Structures are given as structure tokens and as C-alpha cells.
Amino acid sequence: MPKKILVVDDEEIVLKSLEKLLNKEGYDVVTTQSGKEALEIIKKTDFDIIITDIKMAEMDGVETAIAIRKYFKERNKPEVPVVFITGYSDLAEQKHVQKLGEVFIKPFDNEELIEDVKIKTEIVPYKEIYKGLQIERRFSPRVKTEGLFIKLLPDVEANIINISETGIRVEYKGSVLPEDILLLMNLPTFPLKQSIKIPAKIVWCERLSEDKFQFGANFLLDKDRLSQIRDFIFDNFTKKATSEIVENDLKIKVENFFKKTVRQYYENLLVLAQETNTRKLDPGYIEQRLTKFNNDFLLECEDIEKKIDNNFYIKKVKQVFREIMGCCYYKSPITKIAYDRPRGYPGDFELFEMIYNNKPIAEKNSIGFYCDKLFLNSPYAIAARSRKNKMKNILQDFIENSNLPTIRLLNIACGSSREIRELFSDPLFLSVISNKEIIFTGLDNDKDALEFSKSALSNLPLNVKTRFLHENVLNVFRDEKYFDIIGKQDIIYILGLTEYLPDRIFKRLLNFLFQLLNKKGMLVVTYKDKDITFPSVGPDWVSDWAFIKRGKDDLIKAAKEIGADEHSLKIEKEGTETIFFLKIIKS
């Protein structure tokens, strides 16, 4: 069923314009010119989102939004997102308005408004997705230290637990702590290994026992001292990255990579992070610079990976790289979710919802916001959106052109079933297939993904039925009972899962699914092209998100081994030319 939107504006021409715009996108729109009338309307009808002007007679948009929220709260009903539109920029900048909802200044960009509406009408709001996420708060990498001591002048010795270029964590024995301290530090990378005095201010303290303390202190550094601390930190990271490398030539190459390439990249991003805080630079400029720094650096990553050519070494190098760059990257909630894998596997349904929505969720104009955009604009994220759209078109063509009265669809590792949701929210498509029965089956091992899909697809027309199977994909081809549980299908498709399956498992799953197909049924499997390496460099280095590499010939070989070459077999690509579509039609 289409999403319902309530539009409130005291100008009739604006109401008609918005109604036309939103109707065109498939939304069911109700309009009113009065805030008071809007309050009465929501008591009788449920809406997915409310769009309201701010400056109106009698009851303005802010008062309307507050009254509606109060009404929902009193009845324990979930809040409905609010979007404000206004011709007054001073109203748009008021914090109490921004806290209530997104604000668009007239004349606004129609596409931006539609994009925001689409995101806000999704089943699970962004806040629910990342509310428990621990976003990185530090602005510099931190090195753990062993056997490194400092003196708290004049005569107290203490153990350094970890150190960054902005501060230090220390453990020591004593009776009291001074508010301000002068550290006498002897760090190996300092010239002539001389001890230097660094003033610092204690910012937190914890008593571990009667005479034992831990505390954190911020350095009060000049430019030269900051550079020395940074030298020490990068030396430590470099030693950690090369500790297992025995070949001397390779060790030198990796050392240079960290001390020059990684350090320069880190310093570039640090400057950008500071510039975003000042808000003096144009957002477009910051985004452009960040993209250039990132792309140039990832090419260096690709190059060093080829030089290393040892999986054990590469894994260690990437791990240390993430420890350094996390202070920038993981201020991005989207990147942090990709790295943390809160559901235990890469590319879960919540992350892909973010990729499909294509909207940053960090605070605007922060470095996290721009790293969100960097992730969403990465070649693989773009290709993933293109893959979803092509799959939607394939499904639509098959269903519209099929003579079958009942069509059965199966999505393996269905996730959020985004392509199905979008396909069956198109009123024109629904009218074309109104005389056909569609049975969609979503299979996934993630219960939350299934619940998400089930809820998202709960208001489909009567001729479209759904069922959801909570099963581990790796088990279905091992037991014949799943032939009966799943049943014969007319369309079976997989988006992305196979990129994580080794050859033996991949071929067994492919064979099982092919056996499930009815005659003239279609099996579609997508796969990232191994020969296009650059899209995978970013997810791999930044988020520890690697794929099993296969190319066109590998897919054809796998299809032949299950006998699919005796049927109709095609390999296509989506719009970015990054991802293969293996299409087998059973004759």
C-alpha cells in the first residue's frame, strides 16, 4: 500500500504543487491549510510522515508539530516524522525547529525533498539502527605501550599505558595527584634520546586502590613537540605492522608506506577534520578534497598490496592501518557499522538500508558526515545500488511477460527485501499484474532481517503473498527436506551472498537452487567482477570487508559444472559495469 503523507500549508498553490509532486512518486496525499485541522485529521487517519509550513495563521507549523507529538505520546502511539518547509531562513536555523524535524527552505530542490521523504518513511528509523553504536570520539590514534615510563616531576615515576599526540593515559603509585603536571619523558625517537619536559593537564582520574591511580592528561604542546610525539606514535605503529615480516626489502617498503604514505594521508584528513569544525570552508570543497585524498591513497594501498603478496602480512598491515585511521573513519556511523558488524557478518540488512537510502546520518558538516558520504559514494556502494535496481527490473520484466497465473519468487539471504518493496510499491506495476498471483519467499538466517521484511511487506495487495523462512543458507543444500520446505520456484535470485562463499559451497548452493527451478524458471546470481579491483579496496582496507574473487570465466565454469550450460545462460552487468549477473533460464 502507498505511504500516506499529510501536507499542511496555508498557501493553496503550495499544497497543489506538493500534492502533484508526491502523487507522482506513488504517495497517498492529504492536504490542509490549517494546523488545527491537521490535528483533527491525524486523530482519524494514520500517516507515515507530515510535511508542514512553519509560518501560518492561528497555529504555526512548530505548534502543530508539538501538538501532534503530544497527542501521540498521550496515546502511546509511535511518533510520525515531521518535515518543515519555510520561506524564512531565520526560522530554519532555529535549534528548537531543527530538533523537531528536517527543514527545507523555499524554493527547495524537489529531488532532495523526495529523497528525505523516502528515507523517513522507511520501516526502521535511522536512530533505531545506530542508537547503540559507539562512534569514535578521539581525534588522534592511540598507541599502547609496554615498559615505557615517565617521571611526574619532581620525583614520581609512572607507567605509560597508552599515548596519543593529544594526551596520555598513566598508571602510578602515590598518595595524591596534582591538578597540573610536568612530564619528564624519554621517548626512543626523540633526538639523542634526551628526556624532554612536557606540560600536561589532568582531565580525569580513577583510584584503583589506596595508593594506586590511573589518570588521563592532555598535552600542552608546541608545534615541534607535537611533531616529535607524532614521530614516536608512527614509529610504534610501523614496528607493529612489520613485526612479522622477515624479508628486509619488503620490510623497508612497508616502513616507508606507513611513515610517508599513511602519515601524509592521516595528516591530510586531520586538517580536513579541523576545517569542518571551523565551518569556514564550502562543504562541496571539503567533500571534493576528501574524495581525492581517499582515492589517491587507495591506489597506494592497491600498489603496496601487490608488493607484499602475502595474505598474513597484508592482514597485519591493514589491521594497523585501521588502528591509525579509525579516529577519522569511525566518526562515520555508516563506516563504523560496516567495520563493527553488529550482527556478526559483513553487509547486514541495516547497513544495506543505509547504502540504498544514500543519505549521511552523522551530524551535518562534521568529519563523520563527510566520511558517511565517502562511504556512500564509494564505487562498491554505488554498484550495490545499481545492482538492486537492475534486479528489480529483471523481476519486473519476468513477471509482466510471464503467462503463468501464479508466479513464485525466492530470494536467498533476502535481507531487507528492498528490491521487492520498491517493485510492489509501484501503482502502475501493481495494476499490470493485478490478474496474477505472486508468492514471494524470503529466506535468511537473520531473524531481525526477516521481521524487518515481514513488516515492510505487510500491506501488499491481496494477490501478492509473502512467507519468510528462518534458515541458514549453508544448510539448505545439505538436506533433501528443504526441497519440500521451500518448494518449486519460478524465479530464484541472490544479491551479494555468493561473494563470501568458497567455490565448493558456491557450486553446491548453485546446484541446489537450479534443482528448485520450475521449467522456464530463472535463476539469477550476482557477483562482483574480480578484474575491477578498485571498488573492493576501500571496503577491505577501511572496514575489513573482503570478497572471494571470481570473474566471468569462474561463473561460467561453475554454471557448466551443474549442467546449466545446456539451458539458456547469460552473463550481464549492471550500470557501473562492476557486478556480474549470471542468469540461467531452465528449458
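Residues numbered from 1 in each chain as written. Predicted model: local features only at pLDDT ≥ 70, side-chain atom pairs only at ≥ 80, totals over all residues. Heavy atoms only, no water.

1. Digging into unusual backbone geometry
Here is step 1 of the chain: Of note, the phi angle at Asn365 is positive, near 65°, even though the residue is not glycine.
Here is step 2 of the chain: Judged by relative accessible area, which is 26%, Asn365 ranks as partly exposed.
Here is step 3 of the chain: Here the phi dihedral of Ser417 falls at roughly 55°; this positive angle occurs in a residue that is not glycine.
Here is step 4 of the chain: Of note, Ser417 is situated in the loop between β13 (406-412) and α16 (418-423).
Here is step 5 of the chain: For Ser417, a relative accessible area of 1% gives the class buried. (Buried < 20%, exposed > 50% of the residue type's maximum accessible area, 1.4 Å probe, protein only. Helix = DSSP H or I, 4+ residues; strand = E, 2+ residues; numbered from the N terminus.)

2. Some words on the pattern of salt bridges
Here is step 1 of the chain: Using the criterion set out here, one finds 36 salt bridges in the structure.
Here is step 2 of the chain: One salt bridge connects Arg230 with Glu165, and the closest N-O pair in it is separated by 2.6 Å. Residue Arg230 is located in helix α8 (residues 223-242), and its partner Glu165 is located in the loop between β8 (156-163) and β9 (167-173); the two are separated by 65 residues in the primary sequence.
Here is step 3 of the chain: Among the ionic pairs, Glu305 bridges to Lys318, the shortest N-O distance being 3.3 Å. Here Glu305, found in helix α10 (residues 283-308), pairs with Lys318, found in helix α11 (residues 311-329); they are 13 residues apart in sequence, far enough to count as distant.
Here is step 4 of the chain: Given the relative accessible area of 6%, Lys318 is considered buried.
Here is step 5 of the chain: Several salt bridges share partner residues, and in doing so they unite Glu353, Lys388, Lys392, Arg418, Arg421 and Glu422 into one network. (Salt bridge = Lys/Arg side-chain N within 4 Å of Asp/Glu carboxyl O.)

3. Things to note about the pairing of strand β1 (residues 4-8)
Here is step 1 of the chain: Buried residues dominate β1, accounting for four of its five residues.
Here is step 2 of the chain: Two elements, β1 and strand β2 (residues 28-32), share five bridges in a ladder whose sense is parallel. Across the sheet, Ile5 pairs through a bridge with Val29, a residue of β2.
Here is step 3 of the chain: After leaving β1, the chain enters helix α1 (residues 12-24) and then returns to the sheet as β2, a path that is right-handed.
Here is step 4 of the chain: As paired strands, β1 and strand β3 (residues 49-53) are joined by four bridges and run parallel to one another. The residue of β3 that forms the bridge with Val8 is Thr52. (Pairing = 2+ DSSP bridges. Right-handed = clockwise from strand over helix to strand, strands pointing away.)

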